[in-house]
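# Coordinate inspection notes
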Amino acid sequence: MSAQSLSALLSRASIDDHEEVIRSCDAALAKSKTDLQAQHVKVVALLKLDRFADCLRVFEEGGDNLKKRAALEYGYALYKTGQPDAAIEVVSRLTEGRGARHLEAQATYRAEEFQRTAEIYQALARDTAATANEEHDLRINSWAADAQLQWKGHSESVRHTRPTRDDLEAFETVYNAACLSIAKGEFDQAGMLLKRAKELCRTSEDLTAEDRDAELLPIAVQQLYVLTCQGKSEEAESLLDEISLKEIPELSTKRIGYNNAAIARGTGSNPYALYKALHEVPHSTDNDKLFDFQQNVISGNLHAVDLLVHKYDGIIRSTSKALSKAPYPSTDASTNLLSVYNVAAHAKGETSTQALKAILSAVEKRPKDIGLVLTAVQLYVNLGNITSAIATLEKSLQILDESISEQDKETRFNPGLLSVLIALYKQEGRKTQIRAELAKASAFWRGQSTQPESLLRAAGASLLHSSLKSDSSQAAELFKTLYEKTSDDLFAVAGYVASHAAIDYASVEPKAKYLPSIEDLISDIDVASLEAAGVAASSSTAAHAAAAIAGARKRPATNKDRVTKRIRKSRLPKDYDPSKTADPERWLPLRDRSTYRPRGRKGKQRAAERTQGGVVTEKSEETTPSGQGQQKPQSGGGGGASKKKKKGKR
């Protein structure tokens, strides 16, 4: 049989045994190595058998022609072998087929490009005719993408808020909704949803007993995490007895389970037992690895327990080696955590002023290390020194501001870093500095391709309250940009109307009608109760009032409360008599005392001249009030008016 006829037969045949298909393809390829049909059939059979590494070898042997013909299969093989970025590059070129879009969504999810994942699922859901058999899967995956967006800090992109009735019908959707609640910190809501998911999974008729047990394990691991965060140690201990960690098939889930179990059991006063338990956590592979935020938590736990058992030198060596390969400066959480644990090891686990000296010394050497700077800021805040915390952060930001590197500029205006600075400014009431920082940040990000919407919203709201014309103009431009992006956002509409009302009210008057009326906004406010409660005092007024109350409560000092100061004998005069009253005029000059009596004719004459109403003579005018003669200016010419000198020997 020729290779062409075998390829034609394979294209029409339906063989259930994929191993037999592979043997038939190998026989055809032995006669013709370039038979694309046989190569294509073989890679499909290998994918069916989950032999993804063998499938990639066939693609490499087949060359570009096979990769182009079976692009979807090639992308899937790359995705399953832990190469999501390469899979995205291959699949994104395919313009037709919903399968390619589903695979791209899976690959972007694995590559942690969650915003792109959410966009793909939204686009797939719009085609209602084609989603008849995909609606359930799309709902599950959309909830998963939103949960990851929340963990990544992109809460503005999360579409789901509360699960609908349809969402509560499947345990997968309920489980993903619980994960979103965990990411938001809503542990009570997450606990209820996880109980619901466990109940639905146990009663599902579509699962075999083996599949049911496999699905219940991740739910139990999440329940364990929620109970630990809620401080319900007894319930967490009882749940541990139900979980068989060794039976979890996924390495990433197994690693999380081991970590949560070690934390839930606790170690009491023995950190070495916790060290042993956490280092027994298995490692995951590239194909089944943890997401960044999960890896950061587990790495942080390992470094923290190393600090507890005083492995300072080991932490310094490992973190220093990793930091030498990391970008500098960086806003990546994992990189900055390395800096935190590195300096904690240098400080020997201390958090006092001595630790602050070691940290500030490290900041001087690496002023653009965000992890180090934030650690110093945190310690200053813990010590109550907000001013020094602000000065430390401002110094590093100034260094970044003066840099010409684009990476340094992005780090300088990072929204998270700015939020720390603004929070510190608020502690000291520096409103002018807050507006200035937000204005500079918004001006920078408006020139970038990706703009943090939350920062632009905060900048617009802050600049809107400024009395400066330049700030008002910038606020108007910001809200115009926000309004053009999301015209149905009431915040953007309100800001757009408020910022343009003074400039061109006629243009924004129609848009103001979409805003809620004042009557609706104050409909639930009880004016009478507010008046009865009174007007709340500002912080400065409250401080003055507290000082006044404190002053009013002080007892006035009485003679009984006063303590007589004891004078040493060495400071008393020799003729001191404690029974006699001291002369109150003893500090005055002798002639100014009331008991002073001048002696002699000249003394009596001076006393008479100082007496009020006495006769004024020419001689008295030449004397000072104290009786001393004033020095007259000497005449020129060498003293010709002076008396003649007596004759005599020289």
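Notes on the structure in this doc start here. Quantities reported herein were computed from a predicted structural model and do not represent experimental measurements.

The next point concerns the overall build of the protein. If you tally the helices and strands in the protein, you get 34 helices and 0 strands. Across the protein, contacts joining residues at least 24 apart in sequence account for 53% of those joining residues at least 6 apart.

Let's shift gears to unusual backbone geometry. Cis geometry is adopted by the peptide bond preceding P329, which originates at Y328 and carries an omega value of 0°. Looking at where P329 falls in the secondary structure, it is placed in the loop between α18 (312–325) and α19 (333–346). Notably, H310 is not glycine yet its phi reads approximately 65°, a positive angle. As for its position among the elements, H310 is in the loop between α17 (292–308) and α18.

Core analysis: the largest hydrophobic core is formed by 38 residues, its most contacted members being L393 and L424. Of all the secondary structure elements, the ones that give two or more residues to this core are α20 (353–365), α21 (370–382), α22 (386–402), α24 (415–427), α25 (431–445), α26 (453–464), α27 (469–485) and α28 (490–500). Take this core: its biggest share by element is 7 residues, from α21. Among all residues touching L424, those that are not within four sequence positions of it are V377, V381, I386, A389, I390 and L393.

Counting across every chain of the model gives 12 aromatic pairs. With a centroid separation of 5.6 Å and an interplanar angle of 90°, the aromatic rings of Y109 and F291 are classed as edge-to-face. Here the residue Y109 occupies a position in helix α8 (residues 98–110), and F291 occupies one in the loop between α16 (271–278) and α17, the gap between them amounting to 182 residues. With relative accessibility at 9%, the residue F291 sits in the buried group. By the ring-pair criterion, three or more aromatic residues cluster together here, those being Y109, F114, W151, F291 and F293. One Lys or Arg, R110, reaches over the ring of F291 and ends 4.5 Å from the middle of that ring.

Rules used throughout
Residues numbered from 1 in each chain as written. Predicted model: local features only at pLDDT ≥ 70, side-chain atom pairs only at ≥ 80, totals over all residues. Heavy atoms only, no water. Helix = DSSP H or I, 4+ residues; strand = E, 2+ residues; numbered from the N terminus. Contact = heavy atoms within 4.5 Å. Core = buried A, V, L, I, M, F, W, Y, C linked by side-chain atoms within 4.5 Å. Buried < 20%, exposed > 50% of the residue type's maximum accessible area, 1.4 Å probe, protein only. Phe/Tyr/Trp six-rings, centres within 6.5 Å; stacked < 30°, edge-to-face > 60°. Lys NZ or Arg CZ within 6 Å of the ring centre and 35° of its normal.

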